[in-house]
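# Descriptive analysis of the structure
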2 protein chains.
Amino acid sequence: MNLALLSAEDLREGGKARLTGRRRDHLVSVLRAGEGDSLAVGLENGLMGTGTVTRLTDSLAELAVTLDQPPPAPLPLTLVLAMPRPKMFRRVLQTVAALGVKDIWLINSYKVEKSFWQTPWLQEAQLHENLTLGLEQAKDTLIPTVHLRKRFKPFVEDELPALLQDRPGIVAHPGTHEPCPIHINRPATLCIGPEGGFIPYEVDKLVEAGCEAVHLGSRILRVETAVPVLVSRLYDGCLATFS
Amino acid sequence: MNLALLSAEDLREGGKARLTGRRRDHLVSVLRAGEGDSLAVGLENGLMGTGTVTRLTDSLAELAVTLDQPPPAPLPLTLVLAMPRPKMFRRVLQTVAALGVKDIWLINSYKVEKSFWQTPWLQEAQLHENLTLGLEQAKDTLIPTVHLRKRFKPFVEDELPALLQDRPGIVAHPGTHEPCPIHINRPATLCIGPEGGFIPYEVDKLVEAGCEAVHLGSRILRVETAVPVLVSRLYDGCLATFS
């Protein structure tokens, strides 16, 4: 946790904030912060800054906070992801949030097992928790939005074209002819398939909607590896320049 | 498992191979391969090709194999990595092998907990297993070499300079002034610190040995995310062009 993300409910009068539960415990046992110690904090969807521990009990930590730094620039990428296997999904969500993606669409695909959609990790509170973990890792405050689309065809036909207005769409798919473009450095929509890949029908539908099918070379990467490789290939500066 | 990696011991006369244990089980239960089915195979440090199942029992699978494809080109990157937390280490090893890194140096650092070096994942057989999993994911056969260096100073003073002969050295470290170079597309040595980063003394020693300290922006990434981001930033084509 490189930053403690505060919600509006954590704020108290007089520039104070109160942490309980996981973040209080992490502050004490992992960061080993005690009274007088400072740590990076940020307000959900707000500014970042510093919090100094003013009071510590078994159940809470009180901080005096100064929020005066803007969060890093979002990555201008809309990510359309076939729903991953639950265990990998948590890590992918955290990774995607850490990389600065703010718009995430989880879609169905032939090779997505029905059971994946039943995972408790898709509940509102769990999504928020894993996105928060990613933001706290990377030091960011802007909470990504996650859209669930359990039916592939209606999504691709009715919604995807709107996500491709004024921005290129890419479906990363092994075996296609064109290599993934380099450093487009502008808003884009990226589609990534499930384990085993999109089936040909799905690639055709994505291309029909306006995406370009591209490959990353002959190495087949897991989605949690492919996402950072693709982000780093598409953007050369949007990991937010250090100031 | 996009490819079943065979060792020399698995080969039998007449262009046959015999799989037992994990790979036999994976072939049957995950790939659902039966007699007559084909799958991608490769020989450790050798060629890749196709194997067709000729016989299947509870304990073994026999394949007729044709090995006629070269493996993908290695990534010309030497990776120097502060020993990660064991649970993350397995995944990092698999990721690094999938990306095509062939030369891996695991080094100590102030923030590497002593217990990390005790992990069973560092045993020869376990290292081989996780490297194999990465190769089988990506479809590669060339087994990376892993060097363990439990003492930072002797490594950096006595061995690292040789790894920097005729090739640039980079230490990726948050907060430095220079951004990580883009698309160097040639052999290089990349150093990545532990959770919490190298301490200033260590960065100084790495720079003294010949590395350039660079940053990746203000987002702090976990090592399993930073490695693919860095690889994709340093190399634009060496994920092996699809032929």
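Here the structure is a predicted model, which is why all the values come from computation and not from measurement.

What follows is about the pairing of strand 9 (residues 145-149) of chain B. Residues and elements named next belong to chain B. Sheet analysis places strand 8 (residues 101-107) next to strand 9, joined by five bridges and oriented parallel. Following the sheet pairing, D103 is matched in strand 9 by T145. Once you follow strand 8 into helix 3 (residues 124-138) and on to strand 9, the crossover reads as right-handed.

Counted according to the given criterion, the structure contains 30 salt bridges over all chains. Residues R85 of chain A and E113 of chain A are paired through a salt bridge, measuring 3.4 Å at the closest nitrogen-oxygen approach. Pair noted here: R85 of chain A is in the loop between strand 7 (75-82) and helix 2 (86-99) and E113 of chain A is in the loop between strand 8 (101-107) and helix 3 (124-138), with a separation of 28 residues, a long-range link. One salt bridge connects E136 of chain B with R22 of chain B, and the closest N-O pair in it is separated by 3.3 Å.

Attention now goes to the interface of chain A and chain B. Facing the 38 residues of chain A at the interface are 38 residues of chain B. In total, about 3,300 Å² of surface goes out of reach between chain A and chain B, with carbon and sulfur atoms giving 55% of it. We note a salt bridge from R219 of chain B to D140 of chain A, for which the minimum N-O separation is 3.0 Å. Where chain A touches chain B, the interface holds 18 residue pairs in polar contact (both at pLDDT 80 or more). For the side of chain A that touches chain B, the secondary structure elements donating two or more residues are helix 2, helix 3 and helix 6 (223-234) of chain A.

On to the domain arrangement of chain A. Residue and element names in this part refer to chain A. Segmentation of chain A into domains returns domain 1 (4-69) and domain 2 (77-234). Counting residues at the interface gives 12 residues for domain 1 and 11 residues for domain 2. When domain 1 packs against domain 2, the two sides together hide about 850 Å² of surface, and 55% of this comes from carbon and sulfur. Of all residues in domain 1, L5, R22 and N45 bury the most surface against domain 2, accounting for 60% of the area lost on that side. On the surface where domain 1 and domain 2 come into contact, there are two salt bridges. Summed over the shared surface of domain 1 and domain 2, the result is seven residue pairs in polar contact (both at pLDDT 80 or more). At the level of secondary structure, the elements contributing two or more residues to the side of domain 1 that touches domain 2 comprise strand 1 (4-6), helix 1 (21-29) and strand 4 (38-43).

Under the fitted operation, chain A is carried onto chain B by 0.0 Å of movement along the axis and a turn of 180°, and the coordinates agree to an RMSD of 0.0 Å. The superposition of one copy onto the other is thereby described by a two-fold rotation axis. Both copies contact each other with a shared surface, as 100% of the interface residues of chain A are interface residues in chain B too.

Residues and elements named next belong to chain B. Spatially, six strands are ordered 1-4-5-6-3-2 in an open sheet, and the strand pairing comes out mixed. On the outer flanks of this sheet lie strand 1 (4-6) and strand 2 (11-12), each paired with one strand and no other. Two elements, strand 5 (residues 48-56) and strand 6 (residues 60-69), share eight bridges in a ladder whose sense is antiparallel. Paired with G51 across the two strands is V65, which belongs to strand 6.

So, about the packing of aromatic side chains. Residue and element names in this part refer to chain A. In total, this model carries four aromatic pairs over all chains according to the counting rule given. Their ring planes at 50° and their centres at 6.3 Å tell us that F152 and F198 sit as a pair that is tilted. Of this pair, F152 sits in helix 4 (residues 152-163) while F198 sits in the loop between strand 12 (188-192) and helix 5 (200-209), placing them 46 residues apart in sequence. Both residues of the pair, F152 and F198, count as buried. Lying across the ring of W121, R90 places its NZ or CZ 4.3 Å from the centre.

So, how was this worked out
- Counting restarts for each chain, with residues numbered from 1 along the sequence as it is written.
- Each chain takes a letter, starting from A, and each ligand takes a number, starting from 1, following the order in which they are written.
- Local features in this predicted model are restricted to residues whose pLDDT is 70 or higher, and side-chain atom pairs enter the listing and the counts only when it is 80 or higher, whereas totals over whole chains, interfaces and linings include all residues.
- In computing side-chain properties, one takes all heavy atoms of the structure into account and sets aside hydrogens as well as water.
- Here, any two strands with at least 2 DSSP bridges between them count as paired.
- Helix and strand assignments come from DSSP, with helices taken as H or I runs of at least 4 residues and strands as E runs of at least 2, each series counted from the N terminus.
- For crossovers, right-handed means that the path from the first strand over the helix to the second runs clockwise, given strands pointing away from the viewer.
- Salt bridges, as used here, are contacts in which a Lys or Arg side-chain nitrogen is within 4 Å of a carboxyl oxygen on Asp or Glu.
- Contact definition: two residues touch when any of their heavy atoms are within 4.5 Å.
- The term buried area refers to how much accessible surface (probe radius 1.4 Å) is lost by two components on association, counted for both of them together.
- Any pair of N or O atoms that falls within 3.5 Å is considered a polar contact. Within protein, one atom must be able to donate a hydrogen and the other to accept it, and sequence-neighbouring residues count only if both atoms are side-chain atoms.
- Here the bounds of each domain stem from an automatic or database domain assignment.
- A least-squares fit on C-alpha atoms brings the copies together, and the residues used are those whose pLDDT is at least 70 in both copies.
- The aromatic pairing rule takes the rings of Phe, Tyr and Trp, using the six-membered ring of Trp, and pairs them if the centres are within 6.5 Å, calling planes under 30 degrees apart stacked, those over 60 edge-to-face and the rest tilted.
- For the exposure calls, accessible area comes from a 1.4 Å probe over protein chains only, and a residue counts as buried if that area is under 20% of its type's maximum, exposed if over 50%, partly exposed in between.
- For a ring to carry a charge above it, either NZ of a lysine or CZ of an arginine must fall within 6 Å of the ring centroid while also lying within 35 degrees of the normal to the ring plane.

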